[in-house]
Amino acid sequence: MHMTELIMKKRDGGEHDQAEIDFLVQGISDNSIPDYQLAAWTMAVYFRGMTKEETRRFTMAMAQSGKMMDLSSLPGPKADKHSTGGVGDKATPLVMALVAAAGIAVAKMSGRGLGHTGGTIDKFESIPGFRSTLATDEFMEQLRRIGAVVAGQSSDLARADKRLYALRDVTGTLASIPLIASSVMSKKIAAGADTIVLDVKCGSGAFMRDLESARELALSMVDIGRGLRRRVTAVISNMDEPLGWAVGNSLEMTEAIDILKGGGPGDVRELSLVLAEQILIMAGRKPQAARKELEALLDNGTALRKFEEMVAAQGGKIKLDVEGYNLPAATHTIDVLAAETGWVKRVDALKVGQLSMELGAGRQRLGDEIDASVGVVLQRKIGDRVESGERIAVIHARRGEDRTLRSSELLAAFEFTDYPVVPPPLVLDIIS
Ligand code: URA
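Residues numbered from 1 in each chain as written. Predicted model: local features only at pLDDT ≥ 70, side-chain atom pairs only at ≥ 80, totals over all residues. Heavy atoms only, no water.

Participant: What exactly am I supposed to notice about the overall build of the protein chain here?
Facilitator: The helix and strand tally for the protein chain stands at 16 helices and 13 strands. In summary, the protein chain has a C-alpha radius of gyration of 21 Å against a globular reference of 22 Å for 432 residues, a match within 12%. Its C-alpha atoms give the protein chain principal-axis dimensions of roughly 65 × 45 × 40 Å. Relative to its 432 residues, the protein chain shows a buried fraction of 57%. As presented, the protein chain carries roughly 17300 Å² of accessible surface, and 49% of it is formed by carbon and sulfur atoms. With 53 positive and 58 negative side-chain charges, the protein chain shows a spacing of 4 Å between the two charge centroids. (Helix = DSSP H or I, 4+ residues; strand = E, 2+ residues; numbered from the N terminus. Rg over C-alpha atoms; globule rule 2.2 N^0.38 Å. Buried < 20%, exposed > 50% of the residue type's maximum accessible area, 1.4 Å probe, protein only. Areas by Shrake-Rupley, 256 points an atom, 1.4 Å probe, with all protein chains shown as cover. Lys, Arg positive; Asp, Glu negative; His and termini not counted. Charge placed at Lys NZ, Arg CZ, Asp CG, Glu CD.)

Participant: What should I look at first to understand the nonpolar core in this one?
Facilitator: If you look at soluble globular proteins, the nonpolar side chains tend to sit buried side by side. Counting 78 residues, the largest nonpolar core has V99, F124, I127, F307 and L410 as its most contacted members. Among all residues touching F124, those that are not within four sequence positions of it are P93, M96, F130, V150, M253, F307 and M310. (Core = buried A, V, L, I, M, F, W, Y, C linked by side-chain atoms within 4.5 Å. Contact = heavy atoms within 4.5 Å.)

Participant: How do you make sense of helix α10 (residues 211–227) when you look at a structure like this?
Facilitator: Given 3.6 residues to a turn, an α-helix orients residues that are three or four positions apart in the same direction. Spanning 17 residues, α10 covers 24 Å between terminal C-alpha atoms, matching the ideal 24 Å at 1.5 Å per step. In this structure, the buried residues of α10 make contact with α4 (52–63), α9 (177–191), β4 (195–202), β5 (231–238) and β13 (427–431). For α10, the N-terminal capping position is held by D210, with its side-chain oxygen 3.2 Å away from the main-chain nitrogen of E212. Positive backbone phi, approximately 60°, marks R229, located one or two places after α10. (Expected span 1.5 Å × (residues − 1). Polar contact = N/O pair within 3.5 Å; in protein donor to acceptor, adjacent residues only side chain to side chain.)

Participant: I would appreciate a short explanation of the packing of aromatic side chains in the present structure.
Facilitator: For any two aromatic rings, the description comes down to two numbers: the centre-to-centre distance and the angle of the planes. Applying the stated criterion across every chain, the model contains four aromatic pairs. An angle of 55° between the planes, with centres 5.5 Å apart, marks the rings of W41 and F58 as tilted. With W41 in helix α3 (residues 35–48) and F58 in helix α4, this residue pair connects regions lying 17 residues apart in the sequence. Taken individually, W41 and F58 each receive the classification buried, so the pair is uniform in this respect. Ring centres of F414 and F416 lie 5.9 Å apart, and the angle between their planes is 10°; this geometry places the pair in the stacked category. What makes F414 buried here is its relative accessible area of 7%. Here K187 stacks its cationic end above the ring of Y165, 5.4 Å away from the centre of that ring. Positioned above the aromatic ring of W343, the side-chain terminus of R385 is 4.5 Å from the ring centre. (Phe/Tyr/Trp six-rings, centres within 6.5 Å; stacked < 30°, edge-to-face > 60°. Lys NZ or Arg CZ within 6 Å of the ring centre and 35° of its normal.)

Participant: Can you help me understand the pairing of strand β8 (residues 342–347) in this one?
Facilitator: Each regular strand shows side chains that alternate between the opposite faces of the sheet. Pairing between β8 and strand β10 (residues 385–386): two bridges, direction antiparallel. Within the sheet, the bridge partner assigned to W343 lies in β10 and is R385. (Pairing = 2+ DSSP bridges.)

Participant: Looking at this model, I keep getting lost on the sheet that holds strand β11 (residues 391–397). Mind explaining?
Facilitator: In sheet architecture, strand pairing relies on hydrogen bonds along the backbone and comes in two forms, parallel and antiparallel. Strands sit in the order β6-β9-β11-β7 across an open sheet of four strands; the sheet is antiparallel. Every other strand in the sheet has two partners, leaving β6 (246–247) and β7 (332–337) as the edge strands with one partner each. Pairing of strand β9 (residues 375–378) with β11 involves four bridges; the strand directions are antiparallel. Bridging from a neighbouring strand, L378 pairs with A393 of β11. Packing against the sheet, helix α15 (residues 349–361) makes contact with β6, β9 and β11, and its axis sits at approximately 140° to β9. (Axes fitted to C-alpha atoms, helices over the stretch in contact; angles between N-to-C directions.)

Participant: I'm lost on the site of the ligand in this one. Help?
Facilitator: The immediate surroundings of the ligand are formed by H82, T84, Y165, R168, I180, S183, V184, K187 and F207. A distance of 2.9 Å separates an oxygen atom of the ligand from a polar atom in the side chain of R168. Put simply, the ligand lies in the largest pocket. Of all the elements in the fold, those that place two or more residues in the shell around the ligand are α8 (159–169) and α9. Examining the composition of the shell around the ligand, we find that four residues originate from one element, α9, more than from any other. Considered class by class, the residues forming the shell around the ligand number four nonpolar, three polar and two charged. (Near = heavy atom within 4 Å. 1 Å grid on protein atoms, 1.4 Å probe; cavity = no way out; pocket = protein on both sides within 12 Å on 5 of 7 lines; lining within 4 Å. Sits in = over half its atoms within 2 Å of the grid points. Nonpolar A, V, L, I, M, F, W, Y, C, P; charged D, E, K, R; others polar.)

Participant: Just to check I follow, could you spell out the layout of surface pockets for this structure?
Facilitator: With a probe scaled to a water molecule rolled over the atoms, the places where space remains empty come into view. In this structure, the largest pocket spans a volume of roughly 1000 Å³. Lining of the largest pocket is provided by 49 residues; of these, S110, G111, R112, Q153 and K187 occupy positions nearest its centre. Counting only elements with at least two residues in the lining of the largest pocket, the list comes to β1 (78–83), β2 (105–110), α6 (120–124), α7 (136–146), β3 (148–152), α8 and α9. For the lining of the largest pocket, the element with the highest residue contribution is α9, accounting for six residues. Estimated volume of the second largest pocket: approximately 440 Å³. If you go around the second largest pocket, you meet 19 residues; those closest to its centre are L251, T254, G324, V377 and H396. Residue assignment for the lining of the second largest pocket shows that the elements contributing at least two residues are α11 (249–260) and β11. (Points joined across faces, edges and corners; volume = space filled by probe spheres on them.)

Participant: I would appreciate a short explanation of empty space enclosed by the protein in the present structure.
Facilitator: Following the criterion strictly, the structure yields one cavity of 30 Å³ or more and no others. Around the largest cavity sit 22 residues that line it, and H116, T117, G118, S356 and A361 are the ones nearest its centre. Elements supplying a minimum of two residues to the lining of the largest cavity: α6, α11 and α15. For the lining of the largest cavity, the leading source of residues is α15, giving four residues. By residue class, the composition of the lining of the largest cavity is five nonpolar, 13 polar and four charged.

Participant: Would you explain the side chain of S183 in this entry?
Facilitator: By the element assignment, S183 lies in helix α9. For S183, a relative accessible area of 3% puts it in the buried group. Of the polar contacts made by the side chain of S183, one reaches the side chain of D161; its length is 2.8 Å. Beyond its immediate stretch of four places on either side in the chain, S183 contacts M62, D161, Y165 and R168.

Participant: What is the right way to look at unusual backbone geometry in this model?
Facilitator: For N31, which is not glycine, the phi torsion reads 65° and is therefore positive. Note on placement: N31 falls in the loop between α2 (18–29) and α3. Here A158, not a glycine, exhibits a phi torsion of approximately 45°, which is positive. With respect to the secondary-structure elements, A158 resides in the loop between β3 and α8. Its relative accessible area of 0% is what places A158 among the buried residues.

This is the structure:
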């Protein structure tokens with residue numbers, strides 16, 4: 001079999017059979033397919049797509065291209081959560097704390113941020129001392145003892161996806177439904193959980209820009225999971241504006257802790273409750289009772305204690321009674337002032353994410369150093385009234401930033417209007 005034939009077959013709209021899929025995934029994993037041929041093939045998939053069966057086969061082959069975690073020695077459901085990537089998305093620590101506090105084990109393998117979207121591991125690692133590289137037995141021991149563990153995706157897990165994802169990132173082929181579905185689901189299947197909630201982001205800061213394609217992606221992933229006897233629910237959530245106020249690693253972790261302590265922005269709290277609720281429902285709880293139980297766990301501090309326990313077990317040193325919780329803080333801040341009076345019509349998530357990345361919160365390439373302390377804190381979002389000259393955001397930066405330039409870059413993410421605006425719904429659909 002030759003890779004050139006497979007590229008031409010896909011270019012002409014053909015469907016790969018099992019032998020071809022196995023050849024592809026083997027060649028991706030052992031590097032026998034060079035980058036230039038793989039790039040041509042991913043572009044062909046980007047334009048031609050994959051059938052349902054082809055996507056399922058490709059997902060399974062990618063899942064089996066590395067280690068498969070076996071969580072079956074633990075009693076009860078084992079939950080996992082995955083977001084397709086957004087700006088200001090700090091729901092993972094909250095969902096983990098809530099679900100574990102409700103007595104359901106959460107085993108989370110998370111990635112690092114790439115491009116304008118943040119990564120869960122970078123956010124956790126902004127906590128001084130936090131370790132995200134865990135040996136399998138340590139991972140399992142913590143899961144058994146505390147019911148919640150988060151680790152960086154080991155290079156052994158869905159090995160083919162690791163290479164393919166990095167290549168897609170630099171070849172303009174990230175936003176392909178079969179490639180995202182197989183990338184996400186291969187990792188979820190290899191990580192071993194049987195109860196999976198997917199947060200499919202939709203809007204300017206997400207890979208899926210419109211509801212129709214977000215639904216198609218959600219259905220594809222739910223379908224793959226079901227075919228493999230996993231319980232899967234996809235929540236489609238709005239990513240036209242950043243989630244919450246904070247964007248940037250320690251700023252987002254601070255916001256997550258604020259919510260666990262009873263404060264913080266309502267949208268993050270709500271989305272985290274919705275995602276956790278879906279896990280509890282899949283695990284057999286009644287919908288209304290699940291929601292009530294989760295709200296109580298959040299309001300009475302049980303979820304906060306579970307979070308503390310998980311962080312401490314992984315070496316993290318947070319101080320809940322001091323301002324900033326012992327997380328790194330930027331040395332410089334830049335106030336961003338409204339240029340006009342009116343209502344906020346738009347806060348472009350993509351622009352905010354890109355600015356935060358350029359400030360040093362994200363990486364342009366895998367392996368780039370990040371600065372945990374920098375980012376953006378919004379003070380006004382869609383629907384809010386603003387007066388000209390009023391502060392609408394604060395940029396947290398390193399020394400030497402051009403204050404006027406950075407301020408105008410963030411201002412460019414805002415659009416104002418002179419009539420009241422109704423904020424868009426947060427949850428756009430739930431597919432289960
Ligand atoms: N998240 C993933 O894990 N893979 C993708 O392709 C996109 C988002």
